[in-house]
Amino acid sequence: MEETKLASAALPDFAEPSRFRAWRAVHLQAPEGLLAKVPSKLRADIHLAAQVFPFRVNDYVLRELIDWNAAPDDPMFRLVFPMPEMLIQEDRSRVAEALAQGDRARLAAVVTEIRARLNPHPAGQLDANAAYLNGQRLEGVQHKYHETVLFFPTQGQTCHSYCTFCFRWPQFVGERAWRMGARTTEGLVRYLRAHPEVSDVLITGGDPMVMRTAQLAAIVRALLDPALAHVRTIRIGTKAISYWPYRFTHDEDADDLLRLIEEVRARGKEIAIMAHICHPRELMPQPARNAVRRLRDAGAIIRAQSPVLRWINDEADVWAELWREEVALGIVPYYMFVERDTGAQHYFALPLARCWEIYRDAIRQVSGLARTARGPSMSAWPGKVEVQGVAEVADKRVFVLRMIQARNPKWVQRPFFAHYDAHAIWLDELRPAFAKRFFFES
Ligand SMILES: *Cc1c(COP(=O)(O)O)cnc(C)c1O
Ligand code: SF4
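Only a predicted model underlies this, so the values are computations on that prediction, with no experimental measurement involved.

Let us look at the packing of aromatic side chains. Inspection of the entire model under this criterion finds 24 aromatic pairs. Residues Phe 20 and Trp 244 carry aromatic rings whose centres are separated by 4.9 Å and whose planes lie at 90° to one another, so their mutual orientation is edge-to-face. With Phe 20 in the loop between strand S1 (2–3) and strand S2 (21–24) and Trp 244 in the loop between helix H8 (240–243) and helix H9 (254–266), the pair connects residues that are 224 residues apart, well separated along the chain. On the basis of relative accessible area, Trp 244 is assigned to the buried category, the value being 3%. Between the aromatic rings of Trp 244 and Tyr 246, the centroid separation amounts to 5.1 Å while the plane-to-plane angle is 85°, which identifies the pairing as edge-to-face. Ring pairs connect the aromatic residues Trp 411, Phe 416, Phe 438, Phe 439 and Phe 440, which therefore count as one cluster. The ring of Tyr 420 has Arg 397 lying over it, and the distance from NZ or CZ to the ring centre is 4.3 Å. The ring of Phe 439 has Arg 414 lying over it, and the distance from NZ or CZ to the ring centre is 3.9 Å.

Structural data, given as structure tokens:
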């Protein structure tokens with residue numbers, strides 16, 4: 001991978017499909033550069049926001065996904081370029097002041113302090129989901145739900161481009177203590193041997209598809225160990241179909257990756273690609289469609305998920321089109337998430353009531369094959385809480401909720417109720433209806 005200075009054209013010359021080039025915050029300010037079409041005040045403000053939020057974008061996204069005639073309102077622009085309103089006014093002023101002073105140590109201190117206030121590890125993911133082996137904590141392994149273990153390989157803790165809304169943002173910024181990752185699979189394999197209840201291993205990041213095929217193959221083959229017959233499905237979480245589809249078509253080890261998928265299937269296990277796809281535009285370019293076709297031909301199942309986000313995909317028609325397009329390409333719609341309580345949640349979040357309306361109005365428009373998408377779900381401390389609807393019960397207006405996944409499997413699928421609240425954006429703002437506490441709080 002190579003990081004180059006920007007050419008003076010509005011859009012840099014597009015590199016060969018096999019040549020990956022990424023651009024960072026330092027490339028944002030040049031008046032003739034990446035943001036040539038954006039007014040200079042906004043350009044400076046985006047540069048400012050990129051001091052706090054991770055920023056990285058590649059040629060493919062710049063060229064194929066963003067509609068520059070619609071920027072900065074374009075949803076794909078908002079997907080990767082941090083907007084100043086992602087910071088509260090006071091923090092914006094503090095960063096602006098530190099930038100103007102040109103004092104790097106001061107800027108770093110301000111940025112670190114702001115980041116620490118943005119709830120870098122929501123839902124207790126560092127501690128509550130930790131996996132232990134013989135009393136020792138395993139780095140880079142999380143076990144929150146009975147049948148699924150998450151594995152974070154160190155080399156996969158970055159992405160081809162960064163999403164502005166990403167809840168894993170602390171992985172991409174300097175703070176070492178906030179990063180997680182495992183260098184080898186040894187601990188993972190020993191853990192799985194001791195946990196026959198685990199049927200799924202999710203290799204995640206960042207984006208594990210930034211790894212060379214050889215690195216990924218080492219992990220995947222470790223899971224083919226005969227002692228791990230209980231692991232039936234290997235999931236790989238990725239946004240590469242949207243951000244770097246050449247990973248599956250033109251990269252020098254693209255073919256090896258497809259052979260690896262075939263090998264896993266020949267050994268009797270499934271490979272499930274958990275694709276992050278936020279907007280139908282991501283599936284329009286031919287390279288993305290070719291990538292999907294090759295993955296499917298190799299025998300991978302592709303499932304798609306995304307949060308519902310203000311500015312990016314906050315309309316039912318966008319979701320309906322997304323799901324239709326996915327199904328047409330043989331991708332299974334899986335989850336609609338609610339933006340998590342971290343980072344710039346205040347900027348991207350929609351009221352839960354609105355999320356549910358978007359889901360309802362979208363699902364009504366699509367065929368049954370696209371109704372595999374689960375409704376707006378909050379990945380909160382107790383589990384994945386889905387807003388199933390709004391109803392009148394005993395003269396009260398309530399949210400009907402259920403847990404799709406839970407720390408305690410007995411909590412799954414049990415309906416529960418909260419007072420309707422038109423403004424609430426997260427579980428911790430909901431109050432139980434018909435009870436003093438939610439059943440999982442005792
Ligand atoms: C969603 C999720 C999983 C997988 O849950 P499924 O419903 O089986 O897809 C596993 N671990 C964590 C932490 C999750 O958020
Ligand atoms: S690709 Fe996924 S992990 Fe990477 S920044 Fe986007 S949402 Fe986050």
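As defined by bridge partners, strand S4 (residues 130–133) adjoins strand S5 (residues 136–145) across four bridges and the pair is classed as antiparallel. From the neighbouring strand, Leu 133 faces S5, where its bridge partner is Gln 136. As consecutive antiparallel partners, S4 and S5 are separated by two residues, and within that stretch Asn 134 has a phi angle of approximately 50°, a positive value.

Right, let's talk about the domain arrangement of the protein chain for a bit. If you check the domain split of the protein chain, you get domain 1 (2–116) and domain 2 (335–442). Here the C-alpha centre of domain 2 lies 34 Å away from the C-alpha centre of domain 1. Taken residue by residue, the interface counts six residues in domain 1 and five residues in domain 2. Counting the surface lost from both domain 1 and domain 2, the interface buries some 460 Å², and carbon and sulfur atoms represent 67% of this. Inspection of the domain 1/domain 2 interface yields zero salt bridges. Its residues assigned to classes, the side of domain 1 that touches domain 2 comprises four nonpolar, no polar and two charged.

Calculation notes
Residues numbered from 1 in each chain as written. Chains lettered and ligands numbered in written order. Predicted model: local features only at pLDDT ≥ 70, side-chain atom pairs only at ≥ 80, totals over all residues. Heavy atoms only, no water. Phe/Tyr/Trp six-rings, centres within 6.5 Å; stacked < 30°, edge-to-face > 60°. Helix = DSSP H or I, 4+ residues; strand = E, 2+ residues; numbered from the N terminus. Buried < 20%, exposed > 50% of the residue type's maximum accessible area, 1.4 Å probe, protein only. Lys NZ or Arg CZ within 6 Å of the ring centre and 35° of its normal. Pairing = 2+ DSSP bridges. Domains from an automatic or database assignment. Contact = heavy atoms within 4.5 Å. Buried area = accessible area lost by both parts, 1.4 Å probe. Salt bridge = Lys/Arg side-chain N within 4 Å of Asp/Glu carboxyl O. Nonpolar A, V, L, I, M, F, W, Y, C, P; charged D, E, K, R; others polar.

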